[in-house]
Amino acid sequence: MPTHWAMTLETVIEKTGELDHLFALVERRCRAAGVVAASPDASAAAIVEEVINPLLAELECHLRGRLSPAMAEGEVKALIAAWIDDRIAELEA
């Protein structure tokens, strides 16, 4: 039975099992951007502001025009995984 995909981005990522894959992208983007700060709290805030929020906004825009309520979980997982893989490939190029 298809899932209705009108839910939060966080829920979609969790439901498709792509959270660890997304985390790998976040780690690579942090290294590529050289996100560092004087303290752990400042570093966490910098990562959220400079890496995580922009990535989630990009992913949400990507999914907005491509998701349909009739899509199976595997289709959505493949869509998210491909997007993450493309972002990783851009960083490694």
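Residues numbered from 1 in each chain as written. Predicted model: local features only at pLDDT ≥ 70, side-chain atom pairs only at ≥ 80, totals over all residues. Heavy atoms only, no water.

1. Structural notes on the environment of Ile88
Here's step 1: If you trace the backbone, Ile88 turns up in helix α4 (residues 73-92).
Here's step 2: Of the residues examined, Ile88 reaches a relative accessible area of 10% and is grouped as buried.
Here's step 3: Counting along the chain gives 60 residues from Ile88 to Arg28, while the straight-line C-alpha distance between them is 7.3 Å.
Here's step 4: What Ile88 contacts, discounting residues up to four positions off in sequence, is His21, Leu25 and Arg28. (Helix = DSSP H or I, 4+ residues; strand = E, 2+ residues; numbered from the N terminus. Buried < 20%, exposed > 50% of the residue type's maximum accessible area, 1.4 Å probe, protein only. Contact = heavy atoms within 4.5 Å.)

2. Topic: the packing of helix α2 (residues 19-33) against α4
Here's step 1: Packing of α2 against α4 brings their axes to within 10 Å, and their N-to-C directions diverge by 20 degrees. In this view, α2 runs roughly parallel relative to α4, as classed from their interaxial angle. When the axes of α2 and α4 are compared, the crossing they make is left-handed. On the side of α2, the interface is formed by His21, Leu22, Leu25, Arg28, Arg29 and Ala32, while α4 contributes Ala81, Trp83, Ile84, Asp85, Arg87, Ile88, Leu91 and Glu92. (Axes fitted to C-alpha atoms, helices over the stretch in contact; angles between N-to-C directions. Parallel < 35°, antiparallel > 145°, perpendicular 65-115°, else oblique. Left-handed = near helix turned anticlockwise from the far one by under 90°.)

3. Here we look at the nonpolar core
In globular proteins that are soluble, nonpolar side chains generally tend to be buried together.
Here's step 1: Ranked by size, the top nonpolar core spans 20 residues in total, and within it Leu25, Leu59, Ile80 and Ile84 carry the most contacts.
Here's step 2: Of all the elements in the fold, those that place two or more residues in this core are α1 (9-16), α2, α3 (40-64) and α4.
Here's step 3: With six residues, α4 is the largest single contributor of residues to this core.
Here's step 4: Not counting the four nearest positions on each side in its chain, Ile80 is found in contact with Val12, Thr16, Glu18, Leu59 and Leu63. (Core = buried A, V, L, I, M, F, W, Y, C linked by side-chain atoms within 4.5 Å.)

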